[in-house]
Each structure stands twice: as structure tokens, then as C-alpha cells.
Amino acid sequence: MSAEWLGAPRNPRAPLAGLKVLELARVLAGPWAGQVLADLGADVIKVEAPQGDGTRQWGPPWIEHEGERAAAYYHSANRGKRGIVADFTDPHNLAQVRALAAGADVLIENFKTGTLRRFGLDNASLAGANPGLVYCSITGFGQTGPRSGEAGYDFVIQAMSGFMALTGEPDGQPMKMGISASDLACGLYSVIAIQAALAMRARTGRGQHVDMALFDCSVGLLASQATHYFATGDNPPRMGNGHAQVSAYGVFPVSDGEVVLAPANDGLFAKLLRVLDREDLLADPRFATNAGRLAGRAELDAIIAASTRALSQTELLSRCAEAGIPAGPINPIEQVFADPQTVARGMRVDLAGVPGLRSPFTFSDAELALDRPSPRLGEHG
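Throughout this document, residue positions are counted from 1 along each chain, in the order its sequence is written. Thresholds applied to this predicted model are a pLDDT of at least 70 for local features of residues and 80 or more for the giving and counting of side-chain atom pairs; totals over whole chains, interfaces and linings are not thresholded and use all residues. Heavy atoms from the whole structure form the basis of all side-chain values; hydrogens and water molecules are not counted.

J.: So, the sheet that holds strand β10 (residues 257–261): which residues are in play, and what are the values?
T.: The strand order β9-β10-β11 describes an open sheet built from three strands, whose pairing is antiparallel. The strands lining the two open edges of the sheet, one partner per strand, are β9 (250–254) and β11 (327–329). Going from strand to strand, the sheet's axes swing by 35° on average, the running direction of each strand aside. As defined by bridge partners, β10 adjoins β11 across three bridges and the pair is classed as antiparallel. In the sheet register, Val260 faces β11, and the bridge partner there is Gly328. Throughout, a contact is declared for two residues whenever any of their heavy atoms are within 4.5 Å. The axes are straight lines fitted to the C-alpha atoms, using for helices just the contacting stretch, and the angles between their N-to-C directions are given from 0 to 180°. Only DSSP runs of H or I covering at least 4 residues are called helices, and only runs of E covering at least 2 are called strands; the numbering of each starts at the N terminus. Against the sheet, helix α12 (residues 297–308) engages β9 and β10, with an angle of about 35° to β9. Strands were regarded as paired on the criterion that DSSP finds at least two bridges between them.

J.: Give me the state of the cysteines: which residues, what numbers.
T.: For the purposes of this analysis, a disulfide is any pair of cysteine sulfur atoms at a distance within 2.5 Å. The final tally for this structure, using the stated rule, is zero disulfides. Considering cysteine sulfurs only, Cys186 is the nearest to Cys217, which forms no disulfide, with 3.8 Å between them. Think of it in three bands: with a 1.4 Å probe and only protein chains considered, a residue is buried below 20% of the maximum accessible area for its type, exposed above 50%, and partly exposed in between. A relative accessible area of 4% places Cys217 in the buried class.

J.: Give me the environment of Asn78: which residues, what numbers.
T.: Structurally, Asn78 can be placed in the loop between α2 (72–75) and β5 (82–85). Residues Asn78 and Glu315 lie 237 residues apart in sequence; the distance between their C-alpha atoms is 42 Å. For Asn78, the contacting residues outside a window of four places in its chain are Glu23, Pro31, Gln35, Lys46, Asp53, Ser374 and Pro375. Polar contacts, as used here, are pairs of N or O atoms within 3.5 Å; protein pairs need one atom able to donate a hydrogen and one able to accept it. Residues neighboring in sequence count only if both atoms are side-chain atoms. Engagement of the side chain of Asn78 in a polar contact is seen with the side chain of Lys46, the distance being 3.0 Å.

J.: Lay out the packing of aromatic side chains in plain terms, naming residues and giving numbers.
T.: Centre distance within 6.5 Å is the pairing criterion for rings of Phe, Tyr and Trp, where only the six-membered ring of Trp is used; planes under 30 degrees apart are then read as stacked, over 60 as edge-to-face, and the remainder as tilted. Counted under the stated rule, the structure contains six aromatic pairs. With 5.7 Å between their ring centres and 40° between their planes, Phe141 and Phe215 make a pair best called tilted. Remark: Phe215 occurs in helix α8 (residues 214–219) and Phe141 occurs in the loop between β7 (134–139) and α5 (154–160); sequence separation between them is 74 residues. You can call Phe215 partly exposed: its relative accessible area is 25%. In textbook terms, an aromatic cluster arises when at least three aromatic residues are bridged by ring pairs, as seen for Phe88, Phe111 and Phe119. A ring has a charge above it when a Lys NZ or an Arg CZ is no more than 6 Å from the ring centre and no more than 35 degrees off the ring normal. Residue placement shows Arg69 over the ring face of Trp62; its charged tip is 4.0 Å from the ring centre. Across from the ring centre of Phe269, 4.4 Å away, lies the NZ or CZ of Arg293, which sits over that ring.

J.: Tell me about the layout of surface pockets, and name the residues and values.
T.: Taken as a whole, the largest pocket spans an internal volume of roughly 750 Å³. When residues of the lining of the largest pocket are traced back to their parent elements, those giving at least two are α1 (29–39), α2, α14 (333–338) and β13 (354–357). Residues that form the lining of the largest pocket fall into these classes: 12 nonpolar, six polar and two charged. In this analysis, the protein atoms alone were mapped onto a 1 Å grid. Cavities are point sets where a 1.4 Å probe fits without being able to get out; pockets are open sets with protein on both sides within 12 Å along at least five of seven lines; lining residues have an atom within 4 Å of a point. Grid points are joined across faces, edges and corners, and a volume is the space filled by probe spheres set on the points. Taken as a whole, the second largest pocket holds about 550 Å³ of empty space. Polar here means any residue other than Ala, Val, Leu, Ile, Met, Phe, Trp, Tyr, Cys and Pro, which are nonpolar, and Asp, Glu, Lys and Arg, which are charged; Gly is therefore polar.

Set out below in C-alpha cells:
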């Protein structure tokens, strides 16, 4: 194993050009944070065990790249990095990883709490040689508390954080989200925290240990659902595709499928009634206020559905767009990437034949560093 920090930034027009990031992370939350930093221009070196990040084997589906087959899952979170292999039980490998850490601005790790202390790769061990290091630990439950020693898994965190209690039909089984929301949110929050610590380092000259937990990040996304509980002492209801505070709002049938309608105030609701040729309901006192519409939600939804069912998706969405009513199709992934808006925003990238998702940042005076696909195992060692 060998690697060194680059002398010149990957793309001098990228916001984080010249930032050196050492990634000792695998699966999703840590690698996602590393990929976002790489897209923003940081030089990210991903250190893998000899057997590689476990997600390399999380297929099918697979992607073939320069003679190596790895799972699409692995490629989803590792674009833009250099990759090396290190066995922490090998003194020579360990010394080289420590040398990289001594020259890094940021280190990201997602080992169980205390694991890296055995190898002298914890923050306390590395800070002496590199007092400016921003050391970001990503764990399931954080460095403190009764669960700090437990591993974190997205599905479990979604259950424990309240996500699943809020997701699904009211009379159905609690559901997880269709994406690894807890992992991804923690990765993004970690990027925010890392950049905040770097901004503070610019003032103080000192780095610090950033303690990120999947559980904290998921609880932190409860937002209005948490304040609902704080204000009432009651558990917020599971609403399916409905909204606890707004009606009419949800999924409605059309002649060739379904659409989402979100008329979230009195003015938009009135516009919707006009679009559906139901101006007669404008004078109906039952639906004159949002409170009334919530009380009569079932009856109102049935009335709206009877009108939308007579229209095609294209016709209804065209009418809504012209009237300024929030509405949209329920797209499968294929249609998402065929949508002219997605194409115009360049959300899909292809690097050396490896497809991926662009980080969704657009700057007036900077650009992303989209210059390399995910590394092959040990490619830069």
C-alpha cells in the first residue's frame, strides 16, 4: 500500500479544491459524506480493508469497469475518490495510514465506538501530530449514551427514530422509507458539520472531533412532527399520503393513473375547484376553511377524486400548471431520469462508463469536480 496527497487540486474551480480528506469508512453514511466532499473538489483517499468495502458485493445489479465487477450500490457512494488497501494489523500499512492522517484536513470514519483506538487511529492519537485535523466519527448512536457501543443499521434507526411510526397507511403496517434515509441524512449532516468545523479552524487554527450519530440525525429530521408532540403530548398520526394539517392533499385518480395534488391554502384550494369545474363548492361552508376541510376530509377527497377521475394525467397536470396549483405525476425512476427537468439539471453523470448521480449543487462562480468514477479495489495503492 502506498499513497500520497496530490500537490495540485483536482479542479481549481471547485469550492473545496485542495482539501485533503482521508476516508476510513464503508457501506453508506461515511462514504456518502466522502463522495459529497469529493464532488465539491476535495481530494478524498478511501482506505479499504484487503477484502474491500462490503458493498462491492451487494449485487446484483453489477457494474463492470476496467475489468472489475462491483455492485451498483458501491458505485452509488464512492465516485471521485482515490482508493487504497490497508490492513491495520500490518505495522507498515498502519504507519502509512497514520502518515496520510498527519497530512489530512479531514478524516471520516464509521467504525464502532472505540475500535480505532486499538490501532492509534482515533482522534486523540492523531491530533498530536495534526492539531488542525477535523476528525468526523459516524456511528449508529454516537460516542456517548447507553447505546454508544451498539452498531447502527438504517432499518433499525428508521424504526427507533420515529420514521416508521409516521410512514404508511393509518390502518396498515408501519413502513420504512424506500431509500436509506437515516444513512443518507447522517452523511449530509456530517458534511455540514465538517464544513462548520473547517470554518471554525480558519478562526482558531485548531481542528476538533465531530461526533455524528445516525440516530441523532434521524431524530433531528422529525421537525414539525416533533413539535406536534411537544405541543400536544400526543403521537402524531400516521397519514399515508395525506397531510395531518392540510386538506385536500394527497394522491388522486385520473383516467390513466394517479397524480399528487397539494393545494395547501385557501387560495390554492379555490383554484383547484375552478380547475375541476366545481365552483359550486366555493360557497359550501363545510369546505370554506382548512379546519373544515380537515373535518370533512373523507367526503372532500371523494368529491375531488370523482372530478379528477374524469381527466387524463396530462390534462389535469396541464390545468394545474396553468393555474399555479402544486401537482405532479408519481414517477417511477425511469421517468425521473427521462424528465426534461432532470435532464436540464444534469443530475445523471457518466464517468468512464460508470453512471452515477450528481451531487445537487449549482454555483454561480464554481463547479463540481466530476472527473473520476469510483476506484477499483486498491487502484491507487
